[in-house]
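Here's the letter readout for the chains.
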Amino acid sequence: MKKVQIKKFASYAPQLTVSNDDLSKIMDTSDEWISSRTGIKQRRISLTENTSDLCLQVAQKLIKQAHVNPAEVGLIIVATMSPDAATPSTSALVQGKLHAENALAFDISAACSGFIYGLEIAQKMMRQSTYKYAIVIGGEVLSKEVDWTDRTCAVLFGDGAAGALLENDAVQESFYGTDTKVVGDLNGDLVAGQTNPIQEFPPADFTVFHPFKMDGRAVYKFATSEVPASILRVCKANRLQPDEVDYFVLHQANYKIIKSIAKKIKQPIEKFPMNMDKYGNTSAASIPLMLTELAEKENLEGKTIVISGFGGGLTIGSQIIKL
Ligand code: ACO
């Protein structure tokens, strides 16, 4: 079988940094409340750039770093819960501006598990195709979906994008197993950007925008039980002992969730890199943002990494990768 390899990671975050103290000036909250419960100290907020703009920066960095011609890119997948529009897809906007005229492009909606679902789709599609390269990006401008008067949600999220360049028919294989699960019954625990049918015609009240709503405690409970189970499932199914894993790169929603997962799978917290202090929860962007930072700090060649995310759907995904 053909080998598919992750060649590069890249990230981009908007310039404006908003600290917890900055937020406490516009809503009834505090640095102490936010950081003690989540580990978040600041987040990046996009003022003029939309999701496709952040994703384009990532795509441009990826092809530049890997010396790839845009025409050689055969597939672009953007995972996002905050697309520029319902249509065109964010990935089509990236494809056009990147001049990747040979690339098939589409978005996927799996919230914070989206990057993992995107990698899974891309690597499987590549093996059946002649695409030389694929780009998978998780990108979010959640600041446009948050109700900035709702302190229970607004303090948690941030904007950013990050992604990976995949090479087909490569020397090294990067994908060693995936576990995915969707619990659609729990869809109401995390909802953003909902639209409703018009109810009557002609419509008297046509409200398009419904901001982010989340049952934080329910999502916490879900994450701390389902993510360890998913990690252990993917390891067992692929005959990998958790002790053999170098890093667990998890969705950066909350350091307490990550600590609880580390304890449940009996792994030292040092194997769980974290950067939610700098970016907050960036949904689909959070795992590749963390992978990019890790790859900048050390050579990840030969390392075994388990990536795992959870989010709206509710969705879960875990994947074993080697670089
Ligand atoms: N500042 C100050 N007080 C606040 C704030 C705030 N920003 N938000 C809520 N409060 C208050 C509430 O009003 C409530 O007050 P009350 O007790 O007087 O009613 C109280 O704080 C609630 O506090 P806790 O019970 O201590 O909150 P909890 O420990 O449940 O922490 C949190 C809340 C951080 C949201 C937690 O439940 C959590 O992290 N859940 C998981 C969320 C998550 O991971 N989401 C991401 C999922 S997927 C995705 O990324 C798209």
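Everything that follows concerns the structure shown earlier in this document.
These figures come from a predicted structure and were not determined experimentally.

Caption draft 1: How the structure looks around the packing of helix 3 (residues 51-65) against helix 4 (residues 90-98). Here helix 3 crosses helix 4 at 50°, and the two axes come no closer than 9 Å. By the angle class used here, helix 3 and helix 4 are oblique. Regarding helix 3 and helix 4, the two cross each other, and that crossing is right-handed. Along its contact with helix 3, which presents Thr 51, Ser 52, Asp 53, Cys 55, Leu 56, Ala 59, Gln 60 and Ile 63, the element helix 4 presents Thr 90, Leu 93, Val 94, Lys 97 and Leu 98.

Caption draft 2: Representation of the side chain of Gln 267 within the structure. For Gln 267, the location among the structural elements is in the loop between helix 8 (255-264) and helix 9 (276-279). On the accessibility criterion, Gln 267 (7% relative accessible area) is buried. A distance of 2.7 Å separates the side chain of Gln 267 from the side chain of Lys 271, its partner in a polar contact. Beyond its immediate chain neighbours, meaning those up to four positions away, Gln 267 contacts Pro 242, Asp 243, Phe 248, Ala 262 and Phe 272.

Caption draft 3: Spotlight on unusual backbone geometry. Following Thr 87, the chain continues into Pro 88 via a peptide bond in cis, with omega recorded as 5°. Its place among the elements puts Pro 88 in the loop between strand 4 (73-79) and helix 4. A positive phi angle, near 60°, is found at His 99, a position not held by glycine. Topologically, His 99 is positioned in the loop between helix 4 and strand 5 (104-108).

Reading the values: rules and limits
Residues numbered from 1 in each chain as written. Predicted model: local features only at pLDDT ≥ 70, side-chain atom pairs only at ≥ 80, totals over all residues. Heavy atoms only, no water. Axes fitted to C-alpha atoms, helices over the stretch in contact; angles between N-to-C directions. Helix = DSSP H or I, 4+ residues; strand = E, 2+ residues; numbered from the N terminus. Parallel < 35°, antiparallel > 145°, perpendicular 65-115°, else oblique. Left-handed = near helix turned anticlockwise from the far one by under 90°. Contact = heavy atoms within 4.5 Å. Buried < 20%, exposed > 50% of the residue type's maximum accessible area, 1.4 Å probe, protein only. Polar contact = N/O pair within 3.5 Å; in protein donor to acceptor, adjacent residues only side chain to side chain.

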